[in-house]
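Breakdown of the fold
Chain by chain, the residues run as shown.
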Amino acid sequence: MAMIPLPYGMDLFEQVRKEHCYYIDKTLFISEMMSVPFKVNLITRPRRFGKTLAMSMLASFFDIRRDSRELFEGLQILEEKELCAQWMNQWPVLFVTLKDVNGLDFPDAYGMLVQVISNLCKEHSYLKTSDRVDPEDRKAFMKIYAREGDISDVKNALDLLLRMMCAHYGKEVILLVDEYDVPLAKASDNGYYDEMLNVIRMLLGMSWKSNPNLKFAVVTGCLRVAKESIFTGANNFVSNSISDVRYQDCFGFTEKEVVQILADADLSEALPEMKQWYDGYRFGRMEIYCPWDVLLHVLDLSQGEKRKPGNHWLDTSHNNIIRRFIELPDMFVNDKFETLLSGGVIQERIREDLTYDIAHSSEDNLWSILYLTGYLTQVLPEELPEGMTPQEGKTSLRIPNEEVKSVFKDTVQAWFEESIKSRDRSELFREWWNGEDEKLTEDVSDILFDTISYYDYKEDFYHAFVAGMFSGAGYEVKSNSEQGKGRADIIIKERRRRRAIVIEVKWLSVKRKDATLESECQEALDPIERMQYARNLQNEGFRTVLCYGAAFLGKDCLIRLAGEKNDG
């Protein structure tokens, strides 16, 4: 096993290169971008796919204040000699990232934005003393520099900096805006969307609206916010999303690149699992691996840890979108979620230009969000399951890999457990304690029918499902605890009334053609007497012990009481 210096946690090109970290050469992105120049070039990709690294690479390449040839030594872009002569370190660059503009309310988030703009002014502090800039512009600059400007000053900040830099250098300025939509996404989540949109629309819009000081702008984000919302007046504007072939291999890792990383780390045998867990995102017509996941899993493996792949980047805040989906009362998506979780394909209308304030207003918009943020990926017509044909105006979608599937499963299961706890369970408890097995069969089946399930639910899911019915209701709940001569699946104790319930759970696989719910339920009941679960609990002082067998098949169940309830 070889240790290679992978850039864990680094998203700045200059740092990666100066510290001699392993770098997948993406520099031809520059020549591809410059081959068809646009005044404003918006590129949208899911988070954690290397947008900031790519943007910082552009800054290093173009910035007139730098001599970056050493950083690019050995990389493909240096073979483009004419392009390098015309563009490399020849233009003033204004590079701003909005990825950290976040807050629970508008004052918090706005304060962070003010700090970002102030830091940008400090980076270009040479403008304080430049004799080429307008004195009035210098005064406005100093207010923003000192964080003393009002909201109008902040809205005009980028336009001001472009004008001053153009005057100072005598050249138009290249504007790079990274993660432009993060402030809007956070604002939508926390209820101050209109206030933040008002600021961001002016801050960015004035930068490219017929601006004579702008050479061109490259903007990255997660979603393409509708043109009329942010990009009004942007001349020669083009948007490139995950559906487009242009730049399809410039963000994330191709399989060829992952194969090379694993070969260099002497970990080639890890490719099949890596592919199953972290591949499957489709950009254009190419399947792409999530680079963040690949690097973290290689780190685990290179340190000698025989870890299975796991969930590295889809955190709780991002997963809120799935919760929103399944909690909206007017959207009936359970069947579609079950299709996706079973590895199937659904076909939905996708809208790529959204505003965050309407993103959750319709089912179509929610599918669009899941697609554009990487939770779902496109299935090409030739990859559709047998018997499925493309529907006009719709995009075929599937879950890209095991990592994202695990997020869906965990989110759905957490939602389901919480939804059970929020029900009025008093009638259900009464049925359990009174031995009303026929009514229990009916009611528990109804609860299952309301769930989002997936075909690989196994016995452990049903254990958790049954135990979850009693969770948080004042009962002592034990799963697979030691009882009698064996291990009872679930024990419910109510010490105050000295009574207990024993439940043996069986799961009927659809692959078993010889079994029925009745036979599995009987198989669940058989150990109860043999293992003397009830007698052991009676010896502990419980006066009433009820023992049940419960058999499950998908969303159907059969619950039977073992003989008569045992009274001590």
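Above: the structure in question.
Just so you know, these numbers come straight off a predicted model, no measurement behind them.

Spanning 14 residues, helix 22 (residues 517–530) covers 21 Å between terminal C-alpha atoms, matching the ideal 20 Å at 1.5 Å per step. Inspection of helix 22 places Leu517, Glu520, Cys521, Ala524, Leu525, Pro527 and Ile528 among the buried residues, and these make up the whole buried set. Take helix 22 and look down its axis: the buried residues cluster within an arc of 160°, on one side only. Turned more than 90 degrees away from the buried face of helix 22, the exposed residues are Glu518, Glu529 and Arg530. Those residues of helix 22 that are buried lie in contact with strand 15 (499–507), helix 23 (533–539), strand 16 (544–553) and strand 17 (556–561). Immediately downstream of helix 22, the backbone of glutamine 532 shows phi near 60°, a positive value.

Attention now moves to the nonpolar core. Of all hydrophobic cores here, the largest spans 117 residues; its most connected members are Trp208, Ile230, Trp432, Phe465, Ile503 and Phe552. With nine residues, the single largest contributor to this core is helix 5 (residues 106–123). In contact with tryptophan 432, other than residues within four places in its own chain, are Leu440, Met469, Phe470, Ile501, Ile503, Leu546, Tyr548 and Ile559. Met57, Leu71, Met88 and Cys250 belong to the second-largest nonpolar core, a separate cluster that totals 36 residues.

Okay, the side chain of serine 406 next. If you trace the backbone, serine 406 turns up in helix 18 (residues 402–422). A residue is classified by how much of its surface remains accessible, and serine 406, at 17% relative accessible area, is buried. At a separation of 2.6 Å, a polar atom in the side chain of serine 406 contacts the main-chain carbonyl oxygen of glutamate 403.

A few words on the sheet that holds strand 9 (residues 346–348). Here we have three strands laid out as an open sheet, ordered 9-12-11, and antiparallel in their pairing. Each edge of the open sheet carries a strand with a single partner, namely strand 9 and strand 11 (377–378). Seen against the sheet, helix 16 (residues 334–341) touches strand 9 and strand 12 (395–398) and runs at an angle of roughly 130° to strand 9. Lying on the sheet, helix 17 (residues 363–372) is in contact with strand 9, strand 11 and strand 12; it crosses strand 9 at an angle near 115°.

The backbone of glutamate 179 shows a phi angle near 55°, a positive value even though the residue is not glycine. In this fold, glutamate 179 is placed in the loop between strand 3 (173–178) and helix 9 (182–190). On the basis of relative accessible area, glutamate 179 is assigned to the buried category, the value being 7%. A positive phi angle, near 65°, is found at tyrosine 247, a position not held by glycine.

Moving on, we come to the environment of aspartate 11. Here aspartate 11 is to be found in the segment before helix 1 (13–18). Taking the C-alpha atoms as reference points, aspartate 11 and methionine 55, separated by 44 residues in sequence, lie 9.4 Å from one another. Other than its neighbours up to four places away in sequence, aspartate 11 contacts Thr52, Leu53, Ser56 and Lys99. Within the structure, the side chain of aspartate 11 is placed 2.4 Å from the side chain of lysine 99, a separation counted as a polar contact.

Together, Asp105, Asp108, Asp194 and Glu195 give the surface a local cluster of negative charge. Turning to its location among the elements, aspartate 108 is positioned in helix 5.

Right, let's talk about the state of the cysteines for a bit. Scanning the entire structure with this criterion turns up zero disulfides. Of all cysteine sulfurs in the structure, the one in cysteine 166 sits closest to cysteine 121, which takes part in no disulfide; the separation is 17 Å. Cysteine 547 takes part in no disulfide bond, and the closest cysteine sulfur, belonging to cysteine 521, lies 13 Å away. Taking relative accessible area as the criterion, cysteine 547 reaches 2% and is therefore assigned buried.

What follows is about the side chain of serine 188. The topology assignment puts serine 188 in helix 9. Aside from chain neighbours lying at most four places away, what touches serine 188 is Tyr193, Arg324 and Tyr356.

The α-helix winds at 3.6 residues per turn, so residues separated by three or four positions along the chain end up facing the same way. For helix 10 (residues 193–208), which comprises 16 residues, the first-to-last C-alpha distance of 22 Å matches the rise-based estimate of 22 Å (1.5 Å per residue) to within 8%. For helix 10, the full list of buried residues reads Tyr193, Met196, Leu197, Val199, Ile200, Leu203, Leu204, Gly205, Ser207 and Trp208. A positive backbone phi angle near 50° is found at serine 210, which sits one or two residues after helix 10.

Now for the pattern of salt bridges. In total, this model carries 34 salt bridges according to the counting rule given. Two residues, aspartate 11 and lysine 99, come together in a salt bridge whose shortest N-O distance is 2.4 Å. Taken together, the positions of aspartate 11 in the segment before helix 1 and lysine 99 in the loop between strand 2 (93–97) and helix 5 put the pair 88 residues apart, joining distant regions of the chain. Here aspartate 11 falls in the partly exposed class, since its relative accessible area comes to 28%. Close ionic contact of arginine 65 with aspartate 63 constitutes a salt bridge, the shortest N to O distance being 3.0 Å. Taking relative accessible area as the criterion, arginine 65 reaches 33% and is therefore assigned partly exposed. Overlapping salt bridges bring together Glu14, Lys18, Asp63, Arg65, Arg66 and Glu123 as one network.

Attention now moves to the sheet that holds strand 3. The strand order across the open sheet built from five strands is 2-3-4-1-6, with neighbouring strands paired in parallel fashion. Single-partner strands in this sheet number two, and they are strand 2 and strand 6 (237–240). In this sheet, neighbouring strand axes are inclined to one another by 10° on average, regardless of whether the strands run parallel or antiparallel. Sheet analysis places strand 1 (residues 40–44) next to strand 6, joined by four bridges and oriented parallel. Looking across to strand 6, one finds that valine 40 is bridged to phenylalanine 237. Of the strands in this sheet, strand 1, strand 3 and strand 4 (214–221) are in contact with helix 10, which crosses strand 4 at around 145°.

What follows covers the environment of valine 116. Secondary-structure assignment places valine 116 in helix 5. For the pair valine 116 and threonine 97, spaced 19 residues apart in sequence, the C-alpha to C-alpha distance is 8.1 Å.

Attention now goes to the pairing of strand 3. Counting buried positions along strand 3 gives six out of six residues, so the element sits mostly inside the fold. Here strand 3 shows no split at all, with Val173, Leu175 and Val177 on one side and Ile174, Leu176 and Asp178 on the other all buried. The sheet contact formed by strand 2 and strand 3 spans five bridges and is parallel. Counterpart to valine 96 in the pairing with strand 3 is valine 177. Both strand 3 and strand 4 contribute to a ladder of five bridges, which runs parallel. Counterpart to leucine 175 in the pairing with strand 4 is alanine 217.

Thresholds, definitions, all that
Residues numbered from 1 in each chain as written. Predicted model: local features only at pLDDT ≥ 70, side-chain atom pairs only at ≥ 80, totals over all residues. Heavy atoms only, no water. Helix = DSSP H or I, 4+ residues; strand = E, 2+ residues; numbered from the N terminus. Expected span 1.5 Å × (residues − 1). Buried < 20%, exposed > 50% of the residue type's maximum accessible area, 1.4 Å probe, protein only. Arc of directions from axis to C-beta. Contact = heavy atoms within 4.5 Å. Core = buried A, V, L, I, M, F, W, Y, C linked by side-chain atoms within 4.5 Å. Polar contact = N/O pair within 3.5 Å; in protein donor to acceptor, adjacent residues only side chain to side chain. Pairing = 2+ DSSP bridges. Axes fitted to C-alpha atoms, helices over the stretch in contact; angles between N-to-C directions. Patch = residues over 30% accessible without salt bridge, like charges linked within 9 Å, V, L, I, M, F, W, Y side chains within 5 Å. Areas by Shrake-Rupley, 256 points an atom, 1.4 Å probe, with all protein chains shown as cover. Salt bridge = Lys/Arg side-chain N within 4 Å of Asp/Glu carboxyl O. Lys, Arg positive; Asp, Glu negative; His and termini not counted. Charge placed at Lys NZ, Arg CZ, Asp CG, Glu CD. Disulfide = S-S within 2.5 Å.

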